[in-house]
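Here is how the chains run, residue by residue.
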Amino acid sequence: MNIDLAMKSIFGVWTAYFIVNALRVLLWGAPDHSHDLADYLITAVISVTVTWALYRLLILVSERAAPVVFILTIPTIILAIGIGYFTNLILAYPTSVLAHISADHGVPAHQALSHFFDTAFVNYLILVGWGGLYLAMANSRKTQVALIHSRNLERTTRESEMRALRYQLNPHFVFNALNSVSSLIIDKKNVQAEHLVDGLADYMRSVLDDDGKDMITIEQEIAQQIRYLEIEQVRFPRRLQFNVQVHADVRNWKIPALIIQPLVENAIKHGVAQSSEPVQITITAVRDADRLKLTVTNDGRMRTSEDTGSGTGTGLANIKERLAAIYGPAAALFAGNAAGDTVTATIIIPDEQQIFRDYCL
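Remember, predicted model here, so these are calculated numbers, not experimental data. (Residues numbered from 1 in each chain as written. Predicted model: local features only at pLDDT ≥ 70, side-chain atom pairs only at ≥ 80, totals over all residues. Heavy atoms only, no water.)

Re the pairing of strand β6 (residues 332-338)
The pairing of β6 with strand β7 (residues 342-350) spans seven bridges and is classified as antiparallel. Within the sheet, the bridge partner assigned to Leu 333 lies in β7 and is Ile 347. (Pairing = 2+ DSSP bridges. Helix = DSSP H or I, 4+ residues; strand = E, 2+ residues; numbered from the N terminus.)

Written out as structure tokens, the structure reads:
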């Protein structure tokens, strides 16, 4: 039901009717038309009540096409005749309606009935016009509410998916870190074990306890990855080496939290863990025109699709899904083998002002 919309439109239509006719009488007069302001005021008051009755009839059929057309014909004709009859009945008292019309409008008695139906037809057109206006506005409001609800539902679903993707932390990382702690304790390297536990706790806290922020700065993201690499260095003290290069003009650039985490994990899992030689991991963040270029490079070669046990696809798919959810086609991920026996993965992200989100529409 749209009671507020119905009331506003009813009062608006009949107020406009009264004002237009009142101005015509006051400004130009009507030599052949004897209606005064009282006539129009009474007509407007009665019409408001009758139009409300028409509204009650319309909501009974729930905007179904055939019943609406029927109501806007036969019942509306009866209501229009009722407006003319009761208006003239009040104005004619104590004479008859037709006698009043004949005298008031200066027409022969045999033409009074025809004049009455001409007036009723004008009332009918106004009622039908109001009916069409109300149904159009009610349908527009219904469509807007449905659209808002759909967008809210879509946004909630998308945010839930993004959170789920974000918190897909590799359980092997936690498992391996705890194994490293256990090994250090067995070897009675308590200082190193304590340092590793502190690092792991600090990293998990920064990842999980961030007030639900989906977007963080490059500086914050790199700080998290450094914590992660320092933890992994305990497992691979001689093999894991890393270097971070972040240009000053992109430090405050907002990016999705943990967006490069899967790339660093892959570099360790398929680079460091698979090599007996030292492996260099390099993380760079630079501006390329109006876009940000995040690159993770490591020594080694990327596994081919024939190696079904490599497991390199999940992390990359995670990144692609998150980028698509936030930026649409404006962002991209490229990964592959590069020259010099290195693997390079690059994320291209647009400026924050270029992000296309539903709530910006």
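After that view of the structure, there is still more to cover.
A closer look at the sheet that holds β7
Spatially, five strands are ordered β2-β4-β5-β7-β6 in an open sheet, and the strand pairing comes out mixed. In this open sheet, the two edge strands, each paired with only one partner strand, are β2 (240-246) and β6. Each strand of the sheet is rotated relative to its neighbour by a mean of 15°, with strand direction disregarded. Pairing of β2 with strand β4 (residues 279-288), which is carried by seven bridges, proceeds in the parallel orientation. Along β4, the bridge assignment pairs Gln 245 with Thr 284. Across the face of the sheet, helix α9 (residues 218-235) comes into contact with β2, β4 and β5 (291-299) while running at roughly 170° to β2. (Axes fitted to C-alpha atoms, helices over the stretch in contact; angles between N-to-C directions. Contact = heavy atoms within 4.5 Å.)

As for the packing of helix α2 (residues 37-60) against helix α4 (residues 74-92)
At their nearest, the axes of α2 and α4 sit 9 Å apart, and the two run at 150° to each other. On the basis of their axis angle, the class for α2 and α4 is roughly antiparallel. Crossing of α2 over α4 shows right-handed handedness. Only Pro 75, Thr 76, Leu 79, Ile 83, Phe 86, Thr 87, Ile 90 and Leu 91 of α4 make contact with α2, whose side of the interface consists of Asp 39, Ile 42, Thr 43, Ile 46, Ser 47, Val 50, Leu 54 and Leu 57. Among the residues making up the contact of α2 with α4, the classes are represented as 11 nonpolar, four polar and one charged. (Parallel < 35°, antiparallel > 145°, perpendicular 65-115°, else oblique. Left-handed = near helix turned anticlockwise from the far one by under 90°. Nonpolar A, V, L, I, M, F, W, Y, C, P; charged D, E, K, R; others polar.)

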